[in-house]
Amino acid sequence: MELGNERYFTGFVRDVTERQQTEQRLQELQSELVQVSRLTAMGEMASTLAHELNQPLATIAGRSAMTQGVPQAKASSSSAWFFSGVKLPT
């Protein structure tokens, strides 16, 4: 603005320090959220993998326990043993 032969300027100063700090904190929290999400996904995958591995192992252990004490069939015998979960007397 000019008034006579002199020029005048009007300036506004605004402190944006708080806004910058808030944005920085927001970025930190978003980074933490991404990391927690990744860890959660890894935990879910580990749980699924453990379940998938334990299923056949439990079956093997169960079948193995069923065969304890069951007499073995002779190689020349024509009869086959079928295990239905019932323990045969020895």
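Residues numbered from 1 in each chain as written. Predicted model: local features only at pLDDT ≥ 70, side-chain atom pairs only at ≥ 80, totals over all residues. Heavy atoms only, no water.

Participant: Hey, could you go over the overall build of the protein for me, with residue numbers and the actual values?
Facilitator: In terms of regular secondary structure, the protein is built from one helix and two strands. A burial count over the protein gives 1% of its 90 residues as buried. Summed over its atoms, the accessible surface of the protein is roughly 8,800 Å², and 57% of this surface lies on carbon and sulfur atoms. (Helix = DSSP H or I, 4+ residues; strand = E, 2+ residues; numbered from the N terminus. Buried < 20%, exposed > 50% of the residue type's maximum accessible area, 1.4 Å probe, protein only. Areas by Shrake-Rupley, 256 points an atom, 1.4 Å probe, with all protein chains shown as cover.)

Participant: Give a description of a nonpolar patch on the surface that names residues and reports values.
Facilitator: A contiguous nonpolar surface patch, about 420 Å² in accessible area, is contributed by L49, L53, L57 and I60. Tracing the backbone shows L49 in helix α1 (residues 17-66). (Patch = residues over 30% accessible without salt bridge, like charges linked within 9 Å, V, L, I, M, F, W, Y side chains within 5 Å. Salt bridge = Lys/Arg side-chain N within 4 Å of Asp/Glu carboxyl O.)

Participant: I'd like a rundown of the pattern of salt bridges, residues and numbers included.
Facilitator: Counted under the stated rule, the structure contains two salt bridges. Two residues, R19 and E23, come together in a salt bridge whose shortest N-O distance is 3.2 Å. Of this pair, R19 and E23 both sit in helix α1, four residues apart, which is roughly one turn of the helix. Relative accessible area serves as the criterion here: at 58%, R19 is assigned to the exposed category. The closest approach of N and O atoms between E28 and R25, which form a salt bridge, is 3.5 Å. Here E28 and its partner R25 are both found in helix α1, three residues apart, which amounts to about one turn of the helix. Owing to a relative accessible area of 42%, R25 belongs among the partly exposed residues under this scheme.

Participant: Can you explain the confidence of the model for the protein? Please cite residues and give values.
Facilitator: In this model, the protein carries an average pLDDT of 81, and 76% of its residues clear a pLDDT of 70 or more. Within the protein, the element-level pLDDT minimum falls on strand β1 (residues 2-3), averaging 78, and the maximum on α1, averaging 93. Contacts of residues 75-84 to residues separated by more than four positions or lying in other chains number nine contacts, the stretch itself having pLDDT below 50. (pLDDT = per-residue confidence, 0-100. Contact = heavy atoms within 4.5 Å.)

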